[in-house]
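Observations on chain architecture
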Amino acid sequence: MSTLRYRPLDLGRWIVWGATALLFALAPLMSDASFVLTLLSQMGILIIFALSYNMLLGQGGMLSFGHAVYSGLGAYFTVHALNLVGKGAFWFPVTLLPLVGGLAGLAFGLIFGYVTTKKSGTTFAMISLGIGEMVYACVLMFPAFFGGEGGISTNRVVGEPVLGLTYGPALQVYYLIAAWAFVSMAAMFALTQTPLGRMANAVRDNPERAEFVGYNTQRVRYLQMCLSAFFAGVAGGLSCINYEIVSAENVSALRSGGVLIATFIGGVGLFFGPILGAIVFTLFAIALSGFTKAWLLYLGLFFLAMVLYAPGGLAWLIAIQIPVLRARRFSELLWPYALALAAGLMLLCGLIGAVEMIYHLSLESAEESVIALAGLEVDVRALPSWLAVGALLAAGGVAMRHASRFVSARWHAIQQDIQRGAA
Amino acid sequence: MNGAAAIELLDVRKQFGATRIIQGVNLSVRQGERLAIIGPNGAGKSTLFNLISGRFPLTSGRIRLNGQDITGLPPYRINRLGLSRSFQVTNIFHRMSVYENIRCGVLWSLGYKYSFWHPVNRLRDVQRRAEETMERIGLARRRNVQAGVLSYAEQRALEIGITIAGGAEVILLDEPTAGMSRTETAQAVELIRTVTEGKTLIMVEHDMGVVFGLADRISVLVYGEVIATDTPEAVRANPAVQEAYLGGMHKEAAA
Ligand SMILES: Nc1ncnc2c1ncn2[C@@H]1O[C@H](COP(=O)(O)OP(=O)(O)O)[C@@H](O)[C@H]1O
Ligand SMILES: [Mg+2]
C-alpha cells in the first residue's frame, strides 16, 4: 500500500528533474551571443551558492552574513591547485577541480562552523559577520597566498584534454558548470530528505523540543553548516575556473550580502526558491548592469519590495497559487492580477524615469541633457519630462492601491471558500 | 511489578536567584510504576520535571535514571538514556505535519542519529513506528495536517505522541489534560493508560478524577517539598494533604 502511495510522487520528481536537466542542456541554444553564455554560467554558479546558503537560512534557520568565506576560500584553493596542475606539479582533471573547492569549503566549515554554530539566532549572525570580516582581513594580510588586492589569476587550459575537453571555449565551461549545478542541486535536495535534513528543520522551528527527542541542536547546526560550506566551496571552485581569477572580492561581505539577497528574493521556504533567486539576481547583476548604472539601486528596491510584500519570496508567490489552481478558481484572479500588473508597470516606468534622470543629472556630463529612455528622447532639464514622470508615478500609485484591494478581496474570498471546502 | 528504581531523586534543590523553588525533594519511582505529582499552582511541579529531564541545572542534589547518575546531563543525553517528557504548554513542531512531528520523535531512537545518507522516506522501520504511533494517539487520519492548525485536544495528543514515539521506558507527562473538556479528558486518560502500558510514568495532573483513576501512588508537592507520597486512598485520607491541598480545592469549588 505504502509503495503505491509514493509512486506518483516519484514520477513527478522524475519529470521535474528531467526537465531541469534538459533546461541546463538546451539553455545555451537560446542565442549565439557570448553574453548569454556568461549569463548562464554565472547563474549556474550562483544557483549552487544560493542553494548552499539556503541549507543554513531556509533549512537550518541560520542567518549568515559571511557565507562568501566558504566559497571564496574554496576558490583560492582551487586556483592554487589549478596553477600547480598547470606547472605540472601533479595531474588532476579540471572537470573534478571544483571538488578541491568543495573540500576546502568543508575544511573551513569544520573550523569556523564549530565557532559559529555554537549559538543560533542573532548571535550566530553576528559571529558569521565577524568571521567574514576576519577572513577578508587575512586575505589582504597574506599576499603570498592570496595575491593581495589584485588576487591570483590562472589559466584553466592545462594538461592534456580529457575526453576532448580543454575548457578553452566558454561553452565547455558552461557545460561543466551546468553539470556541477545539476549534481549539486540533486545532492542538496537529497540532503533535505535525510534524518539530518529533517532535524535541521525541526531545530529551526523548535530547538527546545528537538533536544528532548534526542538531538543535540548544536551538532545538527554544525553538520548542516559543514555540508553547506562544502557546496559553497564547489561554487567557489567553479567561479575560479569560469573567471580565471580569484581576488579578495570573492570572500567579501559584498558577496555574502549578494547571496543573502538572491536567496531571499527567490524564497527561503521552498527548495527551488534559491534557484529562482539566483536566476533573477544574475539577470539584475549582468543583464541590467549592461543597460543602466543604477542596477544596484533597482536590485535594492526590488529586494525591499519583496521583504515588505512577499517575504516568502518568488517561490512562495508561485506556491500559493497552487491551491487556487487546484480549486479551479484561478481564472477569477486573472483580471485583478492583470490590473495589478498594469499598475505595477506604470509605477515602474515612473520610477525608472525618475531614477535615470536623476542619475543622469548627477553623474553624466553637464552639457548633454537628452537621454534615450525606452526609445524616447527625454530632456532631463525640461519641465515636461519631470511632469510626465510625476504623473506616471501618481497614477501608478493610485492604480496600485485599487488593484491591490481588488486582488486581496478576491483572494480572501477564494481562500475562505477553499478552507470551508476542506473543513 | 519490578522492584528496581527507574528514577531516584536525592535531596534535589533548585533556586532561581534567591528564591528556593525546590527545597530538598527525595523521591523514588519503581520501574513500571505510575506516579502522579499533585500540588497547588506554583508548587514547583513543572520545575521538578525540568530538573529531571535536564532542562534546568540543579542547584544541588542528585538524580538517577535506572541507577545511572544523570545529574547535569543535557536533555538529549537524558532522552537517549530512555527518558522522554511532554510539556505543560504545548511544545510541538508547528510548521511540520503530524507525521513529521512524530517522525522527529522516532529517528534517534531507531539509530539514524545525524545520518545524512539515509533517504528518510524509504526507511520502513521509521515509517512503521510513526504510523503505529499516530494510530495509537488517534491522529492517523490527520497525518498530513500541519501541526499548527490542529485543534487544542489534537495538539495535546500530538504532544504525547512525540513523547512516546521513541519508545522511552520512562515517561514524564506535565498536565496532559489541562484545558480539555470532560469528554476530551476521558479520552486522554484512556490514551495515556494504553500508551504507557508497562512503562514507568510520572505525571503532573490537576484533575483528581484522572489522578485517582490512573496512579499507583501520588506525591503531594507543596512549596517545593514533597509532604506525602502514598497510595491514592492513603493520600486522600492524609490530614496534612487535606489541609494543604485537597481542602483548599474543596473550598475553592464551594466558593
Ligand atoms: N525559569 C524560571 N525562572 C524563575 N522562576 C521560575 C522559573 N520557572 C519557574 N519559576 C517559578 O517557580 C515556581 C514554580 O513554578 P512551576 O514549577 O511552573 O509550578 P507548577 O508547575 O507547580 O505550577 C513559580 O513561582 C515560578 O514563578
Ligand atoms: Mg506546571
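What you see is a predicted model; the values in this text were computed from it and never measured.

This part is about the domain arrangement of chain A. All names here are of chain A. Each assigned domain of chain A is listed here: domain 1 (11-319) and domain 2 (322-422). The straight-line distance from the C-alpha centre of domain 1 to that of domain 2 is 32 Å. Listed by partner, the interface residues are eight residues for domain 1 and eight residues for domain 2. Note on domain 1 versus domain 2: buried area summed over both sides is about 630 Å², and carbon and sulfur give 61% of it. Counting every contact that joins domain 1 to domain 2 gives zero salt bridges. One can count three residue pairs in polar contact (both at pLDDT 80 or more) joining domain 1 with domain 2. Of all elements in the fold, only α13 (295-309) and α14 (313-319) reach the threshold of two or more residues within the side of domain 1 that touches domain 2. Here the element with the most residues in the side of domain 1 that touches domain 2 is α13; it accounts for three residues.

Turning to the side chain of Asn50(B), a few remarks are in order. All names here are of chain B. Within the secondary structure, asparagine 50 is located in helix α1 (residues 45-52). Since its relative accessible area comes to 5%, asparagine 50 is described here as buried. The contacts of asparagine 50, once residues within four sequence positions are left out, are Arg55, Phe56 and Arg85.

So, about the environment of Arg64(B). All names here are of chain B. Take arginine 64: it is sitting in strand β4 (residues 60-65). C-alpha of arginine 64 to C-alpha of serine 28: the two residues are 36 residues apart in sequence and 9.3 Å apart in space. Ignoring sequence-local partners within four residues, the contact set of arginine 64 consists of Ala6, Ile7, Glu8, Leu10, Asp69 and Ile70.

Our focus in this paragraph is the coordination of the magnesium ion (ligand 2). All names here are of chain B. Donor atoms from the polypeptide that coordinate the magnesium ion (ligand 2) comprise Ser46 (OG) and Gln88 (OE1), at 2.1 Å from the metal. Of the two residues, serine 46 is situated in helix α1 and glutamine 88 in the loop between β6 (83-85) and α3 (98-107); the sequence distance between them amounts to 42 residues. The class for glutamine 88 is partly exposed, based on a relative accessible area of 32%.

On to the packing of aromatic side chains. Applying the stated rule across the entire model yields 21 aromatic pairs over all chains. Measuring from centroid to centroid gives 5.9 Å for Trp17(A) and Phe182(A), while their planes differ by 80 degrees, and the two rings are edge-to-face. In this pair, Trp17(A) is assigned in helix α1 (residues 2-26) and Phe182(A) in helix α7 (residues 170-192), connecting sequence segments 165 residues apart. Both rings, one in Tyr215(A) and one in Trp108(B), keep their centres 5.1 Å apart while their planes meet at 90 degrees; by these two values the pair is edge-to-face. A residue pair is termed interchain when its members come from two chains, as with Tyr215(A) in the loop between α9 (207-211) and α10 (217-243) and Trp108(B) in the loop between α3 and α4 (124-136). Accessibility assignment for this pair places Tyr215(A) and Trp108(B) in one class, buried. Through successive ring pairs, a cluster of aromatic residues spans Tyr70(A), Tyr76(A), Phe77(A), Phe108(A), Phe112(A), Phe145(A) and Phe146(A). Here the guanidinium or amino end of Arg80(B) rests over the ring plane of Trp108(B), the centre of that ring lying 3.9 Å away. Over the ring of Phe212(B) we find Arg236(B); its NZ or CZ atom is 4.0 Å from the centre of that ring.

Once that is clear, we can look at unusual backbone geometry. Although it is not a glycine, Tyr167(A) sits at a positive phi angle of roughly 60 degrees. A positive phi angle, close to 45 degrees, is found at Lys113(B), a residue other than glycine. Topologically, Lys113(B) is positioned in the loop between α3 and α4. Classification of Lys113(B) as partly exposed rests on a relative accessible area of 43%.

All names here are of chain B. Judged from the nine bridges that link them, strand β1 (residues 5-16) and strand β2 (residues 19-30) form a sheet pairing that is antiparallel. The residue bridging arginine 13 from the neighbouring strand is glutamine 23, located in β2. Hairpin connection from β1 to β2: two residues lie between these consecutive antiparallel strands, with glycine 17 at a positive phi of about 65 degrees.

Opposite the 29 residues of chain A that make contact, chain B presents 39 residues. A combined buried area of about 3,000 Å² lies between chain A and chain B, and 56% of that area is made up of carbon and sulfur atoms. Summed over the shared surface of chain A and chain B, the number is four salt bridges. A salt bridge links Glu159(B) to Arg209(A); its shortest N-O distance comes to 2.9 Å. Our enumeration of links across chain A and chain B arrives at 21 residue pairs in polar contact (both at pLDDT 80 or more). Of all the secondary-structure elements, those providing two or more residues to the side of chain A that touches chain B are α1, α8 (195-205), α9 and α10 of chain A.

What follows is about the site of ligand 1. All names here are of chain B. Residues in close proximity to ligand 1 include Phe16, Ile21, Pro40, Asn41, Gly42, Ala43, Gly44, Lys45, Ser46, Thr47 and Phe56, which together make up its full environment. Lysine 45 places a main-chain nitrogen or oxygen 2.8 Å from an oxygen atom of ligand 1. The side chain of threonine 47 places a nitrogen or oxygen atom 2.5 Å from an oxygen atom of ligand 1. Within the complex, the protein chains bury 59% of what would otherwise be the 570 Å² of accessible surface of ligand 1. A per-element tally of the shell around ligand 1 places α1 first, with three residues.

As a further point, take the sheet that holds strand β8 (residues 200-204) of chain B. Residue and element names in this part refer to chain B. The strand order β6-β7-β8-β3-β9-β10 describes an open sheet built from six strands, whose pairing is mixed. Each edge of the open sheet is held by one strand with a lone partner, namely β6 and β10 (225-230). Taken pair by pair, the neighbouring strands of this sheet meet at an average axis angle of 15 degrees, ignoring direction. Sheet topology note: the strand β9 (residues 217-222)/β10 ladder contains five bridges and is antiparallel. Bridged to serine 219 within β10 is threonine 229. Contacts from α1 reach β3 (34-38), β6, β7 (170-174), β8 and β9, with the element oriented near 150 degrees to β7.

On to the nonpolar core. Most often, soluble globular proteins keep nonpolar side chains buried together rather than apart. Core analysis: the biggest nonpolar cluster contains 134 residues, and Ile48(A) and Leu158(B) have the highest contact counts within it. Ignoring anything within four residues of it in the chain, the contact list for Leu158(B) reads Ile92(B), Val98(B), Asn101(B), Ile102(B), Ile137(B), Leu139(B), Ala147(B) and Leu150(B). Ranked by size, the runner-up nonpolar core spans 27 residues in total, among them Leu27(B), Ile63(B), Leu172(B) and Val204(B).

Glancing now at the confidence of the model for chain B. All names here are of chain B. Here chain B averages 92 in pLDDT, while 95% of its residues score no lower than 70. For chain B, per-element mean pLDDT is lowest for helix α9 (residues 239-254), which scores 62, and highest for helix α2 (residues 75-80), which scores 98. Here residues 250-255 is modelled with pLDDT under 50, and outside its nearest four sequence neighbours on either side it reaches zero contacts, counting other chains as well. The ipTM, which scores confidence in the relative placement of chains, is 0.93 for this predicted complex, and the corresponding pTM is 0.92.

Scoring rules and cut-offs
- Residue positions within a chain follow its written sequence, with the count starting from 1.
- Lettering for chains starts from A, numbering for ligands starts from 1, and both go in the order in which the items are written.
- Totals for whole chains, interfaces and linings use every residue, but because this is a predicted model, local features are given only for residues with pLDDT of at least 70 and side-chain atom pairs only at 80 or more, for both listing and counting.
- Computation of side-chain values covers all heavy atoms of the structure but excludes hydrogens and water.
- Marked domain ranges trace back to an automatic or database domain assignment.
- Contacts are residue-level and defined by heavy atoms, with any inter-residue pair within 4.5 Å sufficient.
- The term buried area denotes the loss of accessible surface (1.4 Å probe radius) that occurs when two parts are joined, taken as the sum for both partners.
- Every case where a carboxyl oxygen of Asp or Glu lies within 4 Å of a side-chain nitrogen of Lys or Arg is listed as a salt bridge.
- Between N or O atoms, a polar contact is any pair within 3.5 Å; within protein, one atom must be a potential hydrogen donor and the other a potential acceptor, and residues adjacent in sequence are included only when both atoms are from side chains.
- Only DSSP runs of H or I covering at least 4 residues are called helices, and only runs of E covering at least 2 are called strands; the numbering of each starts at the N terminus.
- Here the term buried applies to any residue with accessible area under 20% of the maximum for its type, exposed to any over 50%, and partly exposed to those in between, with areas from a 1.4 Å probe on protein chains only.
- For Na, K and Ca the donor cut-off is 3.2 Å, and for all other metals it is 2.8 Å, counting N, O and S atoms only; because water is absent from this set, sites may look incomplete.
- Only rings of Phe, Tyr and Trp enter the pairing, Trp through its six-membered ring, and a pair is recorded when the two centres are within 6.5 Å. The plane angle decides the type: under 30 degrees is stacked, over 60 is edge-to-face, the rest tilted.
- Geometrically, a lysine NZ or arginine CZ counts as sitting over a ring once it is within 6 Å of the ring centre and also within 35 degrees of the ring normal.
- Two strands form a pair only when DSSP identifies at least two bridges running between them.
- Any residue with a heavy atom lying within 4 Å of a molecule or strand is counted as near it.
- Every accessible area reported is derived by Shrake-Rupley at a probe size of 1.4 Å, with residue values counting cover from the shown protein chains alone.
- To obtain an axis, a line is fitted to C-alpha atoms, over the contacting stretch when the element is a helix, and the angle between two such axes runs from 0 to 180 degrees between their N-to-C directions.
- Residues belong to one nonpolar core when they are buried, are Ala, Val, Leu, Ile, Met, Phe, Trp, Tyr or Cys, and are joined through side-chain atoms within 4.5 Å.
- What pLDDT conveys is the predictor's confidence in a given residue, as a value from 0 to 100.

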